[in-house]
Structure formats: structure tokens, C-alpha cells
Amino acid sequence: MTTRLEILSDWVAEAAELTQPGKIHWCTGTLDEYRSLVQEMLASGDLLQLNQDHYPDCYLHRSDPQDVARVEHLTFVCSQNELDAGPNNNWMAPAAAKAKMAELFAGCMQGRTLYVVPYCMGPLGSVYARYGVEITDSPYVVINMYLMTRMGQGALEEIEKKGTFIKGLHSIGELDPERRFIMHFPEELTIMSYGSGYGGNALLGKKCHALRIASYQARTEGWLAEHMLIIGVENPQGETHYLACAFPSACGKTNLAMLIPPESYKGWKVWTLGDDIAWMHLDENGQLRAINPEAGYFGVVPGTNRRTNRNAYETIHSDTIFTNVAVTEDNDPWWEDKGTGTPVTDWQGRAYDPANGPAAHPNSRFTVSAKRNPSYSELADAPEGVPISALVFGGRRRELAPLVYQAKDWAHGVLIGASVASETTAAASGEVGIVRRDPMAMKPFCGYNFADYWAHWLSFDARSDKLPKIFHVNWFRRDAKGQFLWPGFGENLRVLRWIIDRCEERVGADESPIGFLPTAAAIDLTGLDVSAEALAQLLSVNTEQWQVEMDEVGKYLDSYGDRLPERLRAEHAKVLQALA
Ligand code: GTP
Ligand code: SPV
Ligand code: MN
């Protein structure tokens, strides 16, 4: 197979000329192709077979120990004008970046196969779907793209009809952290990634295309590309409300997306539409609608068990690629808090020794098709997407941020999103547990200047009077002893219920300087071991701490200089004044 689209065949020829592969393989996206790649990777040792009785069609990939997470310091947005990338991005001049990448890519695929991976982000043929082609020398990337996107012949046919696509050139290179760069050229709809085979660095449809490039396109075209899960919450009356929630990496999106209602919530059901990325458009009636551009999950493994996330736990018992987990004596995959089994071999393939740290890497991941999820919603395939009732921001904060609060209006909600801060996690290289600003959970993923991004968000209330209500949640507040105050996971539905009741104007709320808070009786605690004092603490707003926080937010916003929208400054001033 090749293509009748000349710009595509020319680009593949040009990439082959540069990288000098031994072979070129055009991916068709069939199950046979997936299986034969798996067989090749088992033969080469790239994949290890797991216990096929307990985990049919499950495999383990051990990545290079120096290549286990996204690398934000090596990720660049190469716009013509440095200011267009903004202080939120690393920037390099496009010509300099291309020269650097050409040097790295020169001859890098000698003796390897160059795979051409045409893919579609979003339901195939949907007006909201977008297309890309990833060229890669990693069969691991190909099989992950097979599970994560609509990949192969169908996507290629759409690309040929449209005549345009995002170009993504990827090579694992030498997996040398000193020769690793993830470059984005939003104005040229091009991505170049070298030297990593891991997740968001290498599966270019995900963070590089569906967030960095798509956010840039979304701004010029009037829509939103966000780091958000999408769920449907069905109540016992059979009404379903759709929510899109942005939490930073490894802060609970996959878990919330697959939520199983608590025992006392008879007749409630949570449907999964997406666990990481939402593309949202205003329809002709001014209703915000969301699609999930992805078709699979690349989820955090540690912490996944029957109690925290039974849907994920069951989903990953077959047809799953595990990356960097440990294995048991039975050759089952193992991870911290799995709740069963004992590790004998750690994620690096060494005999397990607690002195070496956790058995599974904290950022170990599962890759699995979304359709295997017991709570998968068929509407994830609906070309028109789902109508969104509420947008929810959140972060991992031991202090300060209450369990839940609601923005006073759209512009205040944009300020709340822009003010998100969260403790860093193992999803990116670097220190863990440091509070950093992560506006809209998009700090690593916005393909342009945050000041322009906030202006874009603010522009929506002039275009619709039916916008979703905006909320902020924090599942991670702790008491003086360091214990979580809120049980989290399935119990988070109690908070979603309040959010939906607010959207429907079914409950009142207490007004505070930071927004609307639930009254003490408004969060249902039936069957839950949370004391009234703990709930009071969870819902408390400490004025002094909030003044310090808002001063910090003010300084942060000021760092965006003249580009910062005046309206965001005014919203910030209003909150400061209310706190005074
Ligand atoms: P990315 O895939 O990196 O974007 O992450 P994510 O936002 O999907 O995070 P995920 O749901 O995988 O959760 C990451 C970690 O947070 C896991 O170890 C979870 O067990 C833990 N976690 C998720 N939800 C909760 C919660 O409600 N409370 C607590 N205490 N921990 C949670
Ligand atoms: C994240 O880090 O937010 C992820 C994992 O979802 S990765 O695909 O590696 O970006
Ligand atoms: Mn993510």
C-alpha cells in the first residue's frame, strides 16, 4: 500500500531519504497487522509475554530506564515569533529547530523499518475529527497507536479526500536523553520527536497533536482542545449529564472517568466517554459539545485495584500492553497497590529488592482499547459528541483548595482555571510533590501563549448564553496527620451530584469570596465514614491563606505582561477585593 496523495507520498519519500530505513511499512490498521507486530516484538525481546491464562493477549514492554515519562524541558513550541509560544513554553526558532532535528534524524533508521501510521483523532468521518500521519521506527509506537487511535486504511482514505494532515516524524534514535527533543511547529502543522519511545513523547497523536497542535488550531477556528476527561452521569430517573474535567497529569482523570457509584447510589451509572482529552465546539444552538479524539487509554497503573477502579482493573485483564510494571512468580503483571500477588522482578527486569524503590515504575502505564471498558459509552463514537453541562477544574492540593466550589460566572471560571496549581507527579521527569501552577491542567500541553489562550476562553461568553457552569474540585486535601480527608474514587460521585444539582438549579449554596460552596448538608454522606468536622474542614476557606494564594496568582498572571487579557486581571482584582 502507498497513497495517491502526492503531498503524503512526497513527505514519506523525503523522510526516508533523510532517515535511510531498511524497509518501509504502510500500516493498514488490521488486527492481523497488530498481531504480527506483536509476534515480531516478542521475537526481538521488545515485548514479553505475560501469563496468558490469567492475562490473555497481555504483554509487557520495558522501556529504557532513562525514558519513563514526558520530558517537559526537552519539549519545544517553535513558532515564528517567540511571544506566540509564550512564557509557558520552551521556544526555539523554527529554522534552528529544524536544522537540529535534521542532524539527529540523518541516517537514524538504518537497518530499521519505517512505519507510516495514518490516524484519525475523533470518530472517523465526524466533522470534528482531525487527521495525522506519524512516521516512526518504533513498532511499540505502532501497536500503541493501534489501540489509542483510529489508525490505518480508513484514516488514510479520509486524509486522501481532505488532502491535509498533521505531519509527525518520530524516531527513538539512540534513546539518549542528551539527544532527545520533542519539537512542534504549529504554524506548519508539523511535529518532530527524537530520542524517546515513551507515551506523550512518542505517541504523537496524543499530547503533541491532540493538545499542542490542536489547541493552536482551536484558537484560530473558535473551539477548545483540552486536557479533560468526559463522562456521562446517569441518575435513577434516567437523566444523563455530561461533564468535562481537567486535572493535571496523574491527578485522577482516568479514575473519575471510570467511576463506579458507591453502594448507597442505587440506580446511578457513570459512562466513560474519554479519560484524557476533550475537543469541544459550540453547536448552532450555542451548546458546547465534546468529543474524545482518542480511542484507547494510556493510563497510570499503580494504585489501580478492585476497590479504587474496578472498571480499569477488569479492563486490563486482557488485550493490554503494560509498560514498566513488575511481574510476579506466575508471570502476572504487578504494581504497587494492586492488592494481590507479590513482585519477583521489578520494572527494570531486576530481581525485586525494595531497596531499589517501587517494583513498578510510578509512571508505569497500561494501553488498552476504550471499548474494553465495562462503562464505555457508545456515544464516544457519536460524530456530534455529547452536550456538556459542567466544566470542572482540579488539582492535587494538600491544603487550601476546598473539596468543591463553583465559579460565579464564566469569566470567574476562566480565572479559576487559570489559577489551577497542583503537586507535580511522576508523569513528567523531575521532582515529584512540588506545587506548581498548571492552568487548566494545560501547562505542558498548550501550543501557544497562555495569555492568548485565556483570551480565547474568555471570548466564549460573547458567543453563547448556554455555556456550561464551571467548578473546581480537590480530592487530595489532607489533615494535620497527612491523611486524605476525602475518600475519593467512587465517593467522588457525591460531589458530582452536587455539581449537577447546581447546574439544574436544584440546590442553594453559600457564597464566599472564591465562589459558591456547598452548604454543610448539601454533600450527601450516607454510608460514608467522613465526620462532620472533616467535611467542615474540606469545605473551609481560609481567608489569609487565600490572600497569599491570590497574590501568587496575581504575580503569575503578571508574568504574561501586556498580552494578559484586561478582563482576567479585573476578575482577579474582584476576588482580591472580596477577600480583603
Ligand atoms: P494522566 O494519564 O497522567 O493524564 O493522569 P490521570 O489524570 O488520568 O490520573 P489517574 O486517574 O491515572 O490517577 C493518578 C493517580 O491518582 C493514581 O495513582 C490514582 O490511584 C490516584 N487517584 C485518582 N483518583 C483519586 C482520588 O479520588 N483520591 C485519591 N486519594 N487518589 C486518587
Ligand atoms: C499525561 O502525562 O498527562 C499523560 C501520559 O496522559 S502521556 O501520554 O505520557 O502524556
Ligand atoms: Mn494526560
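Reading the values: the criteria
- Residues numbered from 1 in each chain as written.
- Chains lettered and ligands numbered in written order.
- Predicted model: local features only at pLDDT ≥ 70, side-chain atom pairs only at ≥ 80, totals over all residues.
- Heavy atoms only, no water.
- Near = heavy atom within 4 Å.
- Polar contact = N/O pair within 3.5 Å; in protein donor to acceptor, adjacent residues only side chain to side chain.
- Nonpolar A, V, L, I, M, F, W, Y, C, P; charged D, E, K, R; others polar.
- Domains from an automatic or database assignment.
- Helix = DSSP H or I, 4+ residues; strand = E, 2+ residues; numbered from the N terminus.
- Areas by Shrake-Rupley, 256 points an atom, 1.4 Å probe, with all protein chains shown as cover.
- Phe/Tyr/Trp six-rings, centres within 6.5 Å; stacked < 30°, edge-to-face > 60°.
- Buried < 20%, exposed > 50% of the residue type's maximum accessible area, 1.4 Å probe, protein only.
- Lys NZ or Arg CZ within 6 Å of the ring centre and 35° of its normal.
- Buried area = accessible area lost by both parts, 1.4 Å probe.
- Pairing = 2+ DSSP bridges.

**Structural notes on the site of ligand 1**
In the neighbourhood of ligand 1, 21 residues make up the surrounding shell, with Ala250, Lys253, Thr254, Asn255 and Arg365 lying closest. Within the backbone of Thr254, an N or O atom sits 2.8 Å from an oxygen atom of ligand 1. A distance of 2.8 Å separates an oxygen atom of ligand 1 from a polar atom in the side chain of Asn255. Among the residues forming the shell around ligand 1, the class breakdown is nine nonpolar, eight polar and four charged. Split by domain, the residues of the shell around ligand 1 number at least three in each of domain 2 (226-295 + 379-579) and domain 3 (296-372).

**Overview of the environment of Thr220**
Along the chain, Thr220 falls in helix α8 (residues 205-221). Once the C-alpha coordinates of Thr220 and His456 are considered, the two residues, 236 residues apart in sequence, prove to be 9.1 Å apart. Within the structure, the side chain of Thr220 is placed 2.9 Å from the backbone oxygen of Gln217, a separation counted as a polar contact.

**Let's talk about the site of ligand 2**
Close contacts around ligand 2 come from Arg70, Gly199, Gly200, Lys206, Lys207, His227, Ser249, Asp276, Phe298, Arg365, Ala427 and Phe445, and that covers them all. Gly200 has a polar backbone atom sitting 2.8 Å from an oxygen atom of ligand 2. A distance of 3.3 Å separates an oxygen atom of ligand 2 from a polar atom in the side chain of His227. Protein contacts shield 98% of the accessible area of ligand 2, which totals 290 Å² for the unbound molecule. If you list the elements that add at least two residues to the shell around ligand 2, you get α7 (199-202) and α8. Of the residues in the shell around ligand 2, the class split is three nonpolar, four polar and five charged.

**Some thoughts on the packing of aromatic side chains**
Applying the stated criterion across every chain, the model contains 25 aromatic pairs. An angle of 65° between the planes, with centres 5.4 Å apart, marks the rings of Trp223 and Trp279 as edge-to-face. Of the two residues, Trp223 is situated in the loop between α8 and β12 (224-226) and Trp279 in strand β16 (residues 278-282); the sequence distance between them amounts to 56 residues. This pair shows no difference in class: Trp223 is buried, exactly as Trp279 is. Chaining the aromatic ring pairs together yields one cluster made of Phe393, Trp410, Tyr448, Phe450, Tyr453, Trp454, Trp457, Phe460, Tyr556 and Tyr560. Its guanidinium or amino end placed over the ring of Phe185, Lys98 lies 5.5 Å from that ring's centre, counting from NZ or CZ.

**Description of the domain arrangement of the chain**
When its domains are assigned, the chain resolves into domain 1 (6-48 + 69-222), domain 2 (226-295 + 379-579) and domain 3 (296-372). Roughly 950 Å² of surface becomes buried between domain 1 and domain 3 when both sides are summed, with 64% attributable to carbon and sulfur atoms. By the criterion of area lost to domain 3, the three top residues of domain 1 are Leu147, Met148 and Tyr198, representing 56% of everything that side buries. Where domain 1 meets domain 3, there are three residue pairs in polar contact (both at pLDDT 80 or more). Ranked by the residues each element gives to the side of domain 1 that touches domain 3, the list is headed by helix α5 (residues 139-148), at five residues. In the side of domain 1 that touches domain 3, the residues fall into eight nonpolar, two polar and one charged.

**What about the sheet that holds strand β21 (residues 333-334)?**
Read from one edge of the open sheet, three strands run β21-β20-β22, paired in antiparallel fashion. The open sheet has two free edges, formed respectively by β21 and β22 (343-345), since each of these has just one partner strand. Of the strand pairs in this sheet, strand β20 (residues 326-328) and β22 are connected by two bridges, and their pairing is antiparallel. If you follow Thr328 over to β22, its bridge partner there is Pro343.

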